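Geometric and topological summary
The lines below spell out each chain.
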Amino acid sequence: MTRRQTGVLLCLPALLLLAVAFVWPMAILARMSLNETADTGALVPALSLATYTRLASDSFTWQIAWDSLVLAAGSATVATLLAYPMALFLFRTKSRYRNLLAIVAIAPLLVSGTARVIGWMAILGDGGMINAGLRLLGIPTQHLINNWTGVRIGLAESVMPYTVLALLAGFGRLDHALEEAAATLGAGPFFRFWRVTLPLTLPSVTAGWMLGFVLAISAFITPHLMGGGRVFVLATEIFDAATQTLDWPAAAALSVAALAGLSALMLLQSLVARRGSV
Amino acid sequence: MAYLELRNLARSYAGRPAVRDVSLNVERGTLVALLGASGCGKTTTLRMVAGLEAPDAGRIVVDGRDVTSLAPHRRRMGVVFQSYALFPHMDAAGNVAFGIQMHGAPRAARATRVAEMLALVGLSEHAGKKPRQMSGGQQQRVALARALAIEPDVLLLDEPLSALDAKLREDLRVEMRAIQRSTGATTLFVTHDQAEALAMADLVAVMDAGRIAQLGTPEAVFERPETAYVAAFVGRSARFSGVIRESRIDVADISIAAPGLPASGRVDVFVRPHRISVLRAGDVADNTIEGTLDAIDYTGEVAQLLVQSPCGRFPVDLATADGTWRDLRPGDKLRLGWHAADTLWFEAP
Amino acid sequence: MKTGGVTALLASFGYAFLLAPLVLVGVMSFSADSYMSFPPSGFSLRWFEALAQNTAMSKAARSSVILAACVTMLALLVGLPAALAVARGQAPSWVAALLSAPLLLPSLVLGLGLLMALQPLALVATWPGLVLAHLVVVLPFVTRIMTTSLAALPADLEAAAATLGASPLRAFWRITLPLALPGVIASATLAFLVSFDEVVISLFLVGPRLTTLSVAMFRYTESRTDPLVAAVAVTLIVLTTLVVVAVDRLVGFSRTVGRV
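The residue numbering used here restarts from 1 in each chain and proceeds along that chain's sequence as written. Chains and ligands are labelled by the order in which they are written, letters from A for the one and numbers from 1 for the other. With the structure being a predicted model, the display of local features is reserved for residues of pLDDT at least 70 and the display and counting of side-chain atom pairs for 80 or more, all residues being used for whole-chain, interface and lining totals. The basis for the side-chain values is all heavy atoms of the structure; hydrogens and waters are excluded.

Now for the overall build of chain C. Each helix corresponds to a stretch of at least 4 residues labelled H or I by DSSP, and each strand to a stretch of at least 2 residues labelled E; elements are numbered beginning at the N terminus. If you tally the helices and strands in chain C, you get twelve helices and zero strands. The helix and strand sequence of chain C, counted from the amino end, reads α-α-α-α-α-α-α-α-α-α-α-α. Judged by the C-alpha coordinates and their principal axes, chain C covers about 75 × 65 × 30 Å. Burial status follows relative accessibility: with a 1.4 Å probe on protein chains alone, a residue under 20% of its type maximum counts as buried, one over 50% as exposed, and anything between as partly exposed. Looking at the 260 residues of chain C, the share that counts as buried comes to 51%.

When you tally the buried positions in helix H8 (residues 176-184) of chain A, you get eight out of nine residues, the bulk of the element. Taken together, the buried positions of H8 of chain A are occupied by Ala177, Leu178, Glu179, Glu180, Ala181, Ala182, Ala183 and Thr184 of chain A. Of the surrounding secondary structure, the elements contacted by the buried residues of H8 of chain A are helix H3 (59-92) and helix H9 (189-218) of chain A together with helix H1 (42-50), strand S6 (77-80), helix H2 (92-102) and helix H4 (136-149) of chain B. We call two N or O atoms a polar contact when they sit within 3.5 Å, provided that within protein one can donate a hydrogen and the other can accept it, with sequence-adjacent residues counted only if both atoms are side-chain atoms. The residue sitting at the N-terminus of H8 of chain A and contributing the capping side-chain oxygen is Asp175 of chain A; that oxygen lies 3.0 Å from the backbone nitrogen of Ala177 of chain A. Any pair of residues with heavy atoms lying within 4.5 Å of one another is described as a contacting pair.

This part takes up the sheet that holds strand S15 (residues 277-278) of chain B. Residue and element names in this part refer to chain B. Taken together, five strands build an open sheet; the order of strands is S15-S19-S16-S17-S18 and the sheet is antiparallel. The strands lining the two open edges of the sheet, one partner per strand, are S15 and strand S18 (312-319). Inspection of the sheet shows strand S16 (residues 287-298) paired to strand S19 (residues 333-338) by six bridges, in the antiparallel sense. Of the residues in S19, the one forming a bridge with Glu290 is Arg335. Strands are treated as partners if at least two bridges between them are detected by DSSP.

The subject of this paragraph is the interface of chain A and chain C. With 83 residues of chain A at the contact, the number on the chain C side is 76 residues. Buried area adds together the accessible area that both of two parts lose upon being put together, with accessible area traced by a 1.4 Å probe. At the boundary of chain A with chain C, total buried surface from both sides reaches about 6900 Å², with 82% on carbon and sulfur atoms. Basic side-chain nitrogens of Lys or Arg form a salt bridge, by our definition, when they fall within 4 Å of a carboxyl oxygen of Asp or Glu. Here chain A and chain C share zero salt bridges between them. Remark: the boundary between chain A and chain C carries five residue pairs in polar contact (both at pLDDT 80 or more). In terms of residue count, the dominant contributor to the side of chain A that touches chain C is helix H1 (residues 3-32) of chain A (22 residues). When residues are grouped by polarity, Ala, Val, Leu, Ile, Met, Phe, Trp, Tyr, Cys and Pro land in nonpolar, Asp, Glu, Lys and Arg in charged, and all others, Gly among them, in polar. Among the residues forming the side of chain A that touches chain C, the class breakdown is 60 nonpolar, 14 polar and nine charged.

Here we take up the pairing of strand S4 (residues 57-62) of chain B. Note on strand geometry: in a regular strand, side chains alternate between the two faces of the sheet. All names here are of chain B. As judged from the five bridges shared by strand S1 (residues 4-13) and S4, these two strands associate in the antiparallel manner. Paired with Arg7 across the two strands is Arg59, which belongs to S4. As paired strands, S4 and strand S5 (residues 65-66) are joined by two bridges and run antiparallel to one another. Of the residues in S5, the one forming a bridge with Val61 is Asp66. Hairpin connection between S4 and S5: a loop of two residues separates the two successive antiparallel strands, and Asp63 in this loop has a positive phi of roughly 55 degrees.

Now for the pattern of salt bridges. Residue and element names in this part refer to chain B. Enumeration according to the criterion identifies 24 salt bridges over all chains in this entry. Close ionic contact of Asp63 with Arg28 constitutes a salt bridge, the shortest N to O distance being 3.7 Å. Highlighted residues: Asp63 in the loop between S4 and S5 and Arg28 in the loop between strand S2 (16-26) and strand S3 (31-35), separated in sequence by 35 residues. Classification of Asp63 by relative accessible area gives partly exposed; the value is 47%. Under the relative-accessibility criterion, Arg28 is labelled exposed at 56%. One salt bridge connects Lys42 with Glu159, and the closest N-O pair in it is separated by 3.8 Å. Of the two residues, Lys42 sits in helix H1 while Glu159 sits in the loop between strand S7 (154-158) and helix H5 (166-183), which places them 117 residues apart along the sequence.

Residue and element names in this part refer to chain B. Sheet architecture is open: five strands sit in the order S13-S12-S11-S14-S20, paired in antiparallel fashion. Of all strands in the sheet, those with a lone pairing partner are strand S13 (254-256) and strand S20 (344-347), marking the two edges. Strand-to-strand twist in this sheet, taken as the mean axis angle between neighbours without regard to direction, amounts to 40 degrees. For helices, the axis comes from a line fit to the C-alpha atoms of the stretch in contact; other axes are also lines fit to C-alpha atoms, and the angle between any two N-to-C directions lies between 0 and 180 degrees.

This part is about the confidence of the model for chain C. Residue and element names in this part refer to chain C. Averaged over all residues, the pLDDT of chain C is 88; the fraction at 70 or higher stands at 95%. In this model, residues 256-260 is a region of pLDDT below 50 whose contacts with residues beyond four sequence positions or in other chains number 13 contacts. Across the interface, the model reports ipTM at 0.89; the global pTM reads 0.84. Confidence of the predictor in every single residue is expressed as pLDDT, which spans 0 to 100.

Once that is clear, we can look at the packing of aromatic side chains. Planes of paired rings set the category: under 30 degrees apart is stacked, over 60 is edge-to-face and the rest tilted, where pairs are Phe, Tyr or Trp rings (Trp by its six-membered ring) whose centres lie within 6.5 Å. Going through the model one piece at a time under the given rule, you end up with 19 aromatic pairs over all chains. Centre to centre, the rings of Trp209 of chain A and Phe213 of chain A are 5.3 Å apart; their planes meet at 15 degrees, and the pair counts as stacked. With Trp209 of chain A and Phe213 of chain A both in helix H9 and four residues apart, this pair spans about one turn of that helix. The exposure class of Trp209 of chain A is partly exposed, given its relative accessible area of 26%. Measuring from centroid to centroid gives 5.5 Å for Phe270 of chain B and Phe346 of chain B, while their planes differ by 80 degrees, and the two rings are edge-to-face.

What follows is about the domain arrangement of chain B. All names here are of chain B. The split into domains, and so the bounds of each, comes from an automatic or database assignment of domains. Domains assigned within chain B are domain 1 (4-231) and domain 2 (237-347). Each side of the interface is counted separately: domain 1 has eight residues, and domain 2 has seven residues. Summed over both partners, the interface of domain 1 with domain 2 buries about 630 Å², with 59% contributed by carbon and sulfur atoms. The three residues of domain 1 that bury the most area against domain 2 are Phe222, Glu223 and Ala231, which together make up 63% of that side's buried surface. If you look at where domain 1 meets domain 2, you find one salt bridge. The closest approach of N and O atoms between Arg275 and Glu223, which form a salt bridge, is 3.1 Å. The interface formed by domain 1 and domain 2 contains three residue pairs in polar contact (both at pLDDT 80 or more).

Before going further, it helps to examine helix H6 (residues 129-137) of chain A. All names here are of chain A. Every buried residue belonging to H6 is among Asn131, Ala132 and Leu134, and all of these are buried. Seen end-on, H6 carries its buried residues on one side only, within an arc spanning 160 degrees. H6 presents Leu136 and Leu137 as exposed residues on the side facing more than 90 degrees away from its buried surface. Two residues or fewer past H6, Gly138 is found with a positive phi of approximately 75 degrees. Taken from the helix axis, the directions to the C-beta atoms give the arc we talk about.

In structure tokens, the structure reads:
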């Protein structure tokens, strides 16, 4: 038996599993998107692009696609802005609590998304912490949840641990000696950051933002629970089509289209990143 | 008054002293080398001068001005880092221009100065290259040009040649010294390589355990070490330990003559291998010792002998020019000798 | 030069934002009110008592534990050989890519695909269906950690065992596996936690008679806003922390997963 054959044999159980529970379902999903839906809502087996054209001619589809993009971009931006100093701090600090602080930064990943939404409800809700504070100061209370604001905040928080990790992973290029060199050449703290630290960390900022964006646009739990039924994004739309209206071709077609869009975006980013690194 | 003065600098990390008490005066335009093994505090000393570490105690004075509490970017210290720390996202010209820009030079003056500096280090052709497109030697020159471009009060070199291979190191040593002389930059140079320190420096400060063990000219440090540590660290030696008896040093079955011995005590004896010669029948010397040749290694200018004697095993360097080394074979009985004046001795701790 | 104070200050904002919901979950779980409001009018253990009496939640929790345990065992059985092949460079590169592919896919899409594939086979809301779905999610984590952990072993160890007369199987059993044990434990822990926490895919595949704790929490939060779920979350956080700390003491998580 050759090395190659041994390797394939060792991988066989995993490959079988992935074939049955990953490749096959994805094929079914793609196939489903080519079926049609009758006016009665019944599924009509077909091999056409009718579902795609139906969705594309509906302005509501474009509206939620645009809203999803804006929401994900906004959340990713908030997450990156907040995560950047955290990652920089973790990268630089020589504190003996560094490992603990790094673990704390990714600890939310170990807490269920639903629980974190509950936490945000206690903060942003009409009877929540922020509005309690506003009342105390005599300022009119704000609706901060069950709308786009709430979802944006919740999504930013839920992708932040990943953003921190992605930023940290890319900070390897940032040698502390470079900042020291800049200092000896007369650069104060601002110029050290602006001319050395930021340019060198820019690739990982892009990567971190991108990861945040992809996770935010795919997220379902947060927009569903924090949107209070008033926030419609691609993910909630796909879920509703699959489980409420039972329009499976539409759910499948939306998924395939969204995947294609995301893949194109990631391809573009990797091309840009490769050009930037030459 | 000296141009750069370090007064009683001390610095410890987590309770462990790296620099205990360093005082040093550097005259304008001279190059002083801080020579020592790793962990002796030489790099910490340099970083304190650059402002990258704050001393726990002591002052740093440049041209009569106390800079001890000044941030690094307000000091005008040109630093060449061991890793060079070239900005990877800027080309050679960009790296050199950075410091000039930070000091607010007008654009036209900046371009002239960058061109001047690159010409000084012989890299005018490579102005547009990024650091990773350059060889180690070229990167080293860019780092030097970048440090000199800000017209630094003091030039600080932290093991600037250690990342290069041996041949290039020797070439750049000469070149750097020439550039330092021509610019007249007052320079503090950190190295663990004694050949580098002896060849380049006006004065060598040998550091040991956070203190300066000896400050002197390269010749003084090598020929007249003041402590056993300096004698052992700088250059190789035949080493014996003995007891003073009747104004001579008794080592095993021989007695060694040495200048200026006290009345009694235990001493460590050092003799440089190139000061010991192989005696022919009838030759006399102040000190003689007999032994068996253990090994002989031809290294070019000298042949290095290893001789086994009742006093221990010791090295002898034999000049190869006269060809006598060819007649020697391991196992030969040899008689060796040296002048009393070449016996270095230190009272044993 | 010390770490900049400005960086530290801005970093503390990030930490505050990230940890605020967790802190509030902790506070709310001890609320004495029957709805979510801040500050609570008083503190009590009533929601932990309510949780103890909630049969739906405890049934879902039992299902989740059984499911996660099965998925962890199977994922190790399937993932370990594959990781070994990848770590030794015996697997074609597309295999390695495929092994981590499910991670790249939004779980909503994966769940939808699984629903469409399992429905015709009558596997929705069944144990086999849920186990299969969770295996796909967990497998990339297991193979990735195990590949890193196996690849970190000195290359010549198995060769040395072979020259000393050990068959490949014995060399693996006596040399490789014991050395990779920290990785096995770390990936098993992560597999368990990921499966236990999984909600989106499960949402498509659970039914009235078989549901998981994370789905039950999600459904509860959809319809009611009282601190019961906060009590569940705090219980889970305590248990998770205990497990992670225990595993870290045992094998050193940070060593196995790599420095964060």
